[in-house]
Amino acid sequence: MGCPAVKVFASKRARRRALVHFLVAGLVFVAATVLVRDRLWIVTDVAALRAFVAGFGVLAPVVLILLQTLQVVLAPIPGQVLAVVAGYLFGPWWGTLFNVIGIGLGSTIAFWLSRRFGRGYVERVVSAAVLERFDDLVERRGLPALFVLFLIPGLPDDALCFVGGLTTIPLRKLVVVAVVGRAPAFFLANVLGDLVATGELRRAGLLFVVVTVVAVAAYLQRDRIADVLDDLLP
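So, how was this worked out
- Residue positions are counted from 1 within each chain, in the order its sequence is given.
- Only residues with pLDDT of at least 70 are given local features in this predicted model, and only at 80 or more are side-chain atom pairs given and counted; all residues enter the totals for whole chains, interfaces and linings.
- Neither water nor hydrogens contribute to the side-chain values; these are computed over all heavy atoms in the structure.
- UniProt positions are given in the numbering used here, feature names are shortened, and annotations may be inferred rather than shown by experiment.
- In this text, helices come from DSSP runs of H or I with a minimum length of four residues, and strands from runs of E with a minimum of two, each type numbered from the N-terminal end.
- Nitrogen and oxygen atoms within 3.5 Å of one another constitute a polar contact, given that in protein one can donate a hydrogen and the other can accept it, and given that sequence-neighbouring residues count only through two side-chain atoms.
- In this analysis, two residues are considered to be in contact whenever any of their non-hydrogen atoms come within 4.5 Å of each other.
- Classification of ring pairs rests on two measures: the distance between centres of Phe, Tyr or Trp rings, Trp counted by its six-membered ring, which must be within 6.5 Å, and the angle between planes, read as stacked under 30 degrees, edge-to-face over 60 and tilted in between.
- Relative accessible area decides the class of each residue, using a 1.4 Å probe on protein chains only: under 20% of the type maximum gives buried, over 50% gives exposed, and in between gives partly exposed.
- Just to be clear on terms, a salt bridge is a Lys or Arg side-chain nitrogen sitting within 4 Å of an Asp or Glu carboxyl oxygen.
- For patch building, the residue pool is restricted to those with more than 30% relative accessible area and no salt bridge; the joining distance is 9 Å between like charges and 5 Å between nonpolar side chains (Val, Leu, Ile, Met, Phe, Trp, Tyr).
- Accessibility throughout is a Shrake-Rupley quantity obtained with a 1.4 Å probe, and a residue counts as covered only by protein chains that appear here.
- The term nonpolar core refers to a set of buried residues drawn from Ala, Val, Leu, Ile, Met, Phe, Trp, Tyr and Cys, joined through side-chain atoms within 4.5 Å.

1. Digging into the UniProt feature "transmembrane region" (unreviewed entry) in the chain
- Under the UniProt annotation, the feature "transmembrane region" (unreviewed entry) is placed at residues 18–36, 48–67, 174–192 and 204–220.
- Taken end to end, residues 174–192 is 100% helix and 0% strand, and its first and last C-alpha atoms sit 28 Å apart.
- The span residues 204–220 carries 100% helix and 0% strand; its end-to-end C-alpha distance comes to 24 Å.

2. Overview of the side chain of Ser107
- Topologically, Ser107 is positioned in helix 4 (residues 79–125).
- Side chain to side chain, Ser107 and Arg182 meet in a polar contact 3.4 Å long.
- For Ser107, the residues in contact, after removing those within four places along its chain, are Val72, Cys161, Ala178 and Arg182.

3. Quick look at the packing of aromatic side chains
- Counted by the stated rule, this structure contains six aromatic pairs.
- Between Trp93 and Phe187 the ring centres are 5.0 Å apart and the planes differ by 40°, which places this aromatic pair in the tilted class. Of this pair, Trp93 sits in helix 4 while Phe187 is found in helix 7 (residues 171–197), placing the two residues 94 residues apart along the sequence.
- Taking the relative accessible area as the measure of exposure, Trp93 reaches 64% and is therefore exposed.
- Look at Phe187 and you get partly exposed, because its relative accessible area is 25%.
- Among the aromatic residues, ring-to-ring pairing joins Trp112, Phe117, Tyr121 and Phe162 into one connected group.

4. Focus: the pattern of salt bridges
- One pass over the full model with this rule turns up eight salt bridges.
- Of the charged contacts, one joins Asp157 and Arg182 as a salt bridge, the two residues approaching to 3.3 Å between their closest N and O atoms. Separated by 25 residues along the polypeptide, Asp157 in helix 6 (residues 157–164) and Arg182 in helix 7 bring together distant segments of the chain. Just as Asp157 is buried, Arg182 falls in that class too.
- What you see here is one network of salt bridges that share partners, running through Arg133, Asp223 and Asp227.

5. Some words on the side chain of Asn99
- One can find Asn99 in helix 4.
- If we skip the residues at most four places from it in the chain, Asn99 touches Leu64, Gln68, Leu82, Ala83, Ala86, Phe186 and Asn190.

6. Describing a nonpolar patch on the surface
- Taken together, the side chains of Phe52, Phe56, Val58, Leu59, Val62 and Leu66 define a hydrophobic patch exposed on the protein surface, amounting to about 590 Å² of accessible area.
- Within the element layout of this structure, Phe56 appears in the loop between helix 2 (46–54) and helix 3 (60–73).
- On the accessibility criterion, Phe56 (37% relative accessible area) is partly exposed.

7. Thoughts on the nonpolar core
- Ranked by internal contacts, the top residues of the largest apolar core, which has 43 residues, are Phe111, Val126, Phe134, Leu137, Leu146, Leu149 and Phe150.
- When residues of this core are traced back to their parent elements, those giving at least two are helix 4, helix 5 (128–151), helix 6, helix 7, helix 8 (201–220) and helix 9 (222–232).
- Ignoring anything within four residues of it in the chain, the contact list for Phe150 reads Phe111, Asp157, Leu160, Cys161, Val177, Ala178, Gly181 and Arg182.
- Membership of the second largest hydrophobic core comes to nine residues, among which are Val53, Val63, Leu64 and Ala86.

Laid out in structure tokens, this is it:
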């Protein structure tokens, strides 16, 4: 006796709708890749990125927000570089505001994509090591675990947005936790950019060293941090 067929879609209409969604998503991805593939280098060069954003004049905040939104979805792009640029151009407070808007929009998109297309999609965009380490923790401990993980610099916060989207936590709560948890680190990066802009290079260097040490330590101890959270949180 053969095994019963596995029914993936509830109806032919659902199958057609899913195919259309995948086709549209694929076309958008291809178009975005063609448009920006030769320009992605700019996001890792602070001076070039600052000149690029500043070149848009009064539209510079909009450009910064859009870039910050994209960096969440395109996880390899370092959002902290954009935060430093925002601090340099707009100061710590306005820069942080623009960054928070960007990461809020980007996090919303990442959560939605994860929830809409499921685990198979997340496994393609998030490294297996991150999923293996944080997936079960976030599933069991929920929002408190996500908040602490977002709060600690050095952990893969963009990837965690995709991991969080696999849970049943309401989208609005996920977005609030992502924004509030990530805001302090982005504020420090904006302060760093502002210190550079005002010529306080010694203080900027000290802040850079402190933040870098914390981030590297958190990255190296990410497994231990996850285990401690799993033990402490209800």
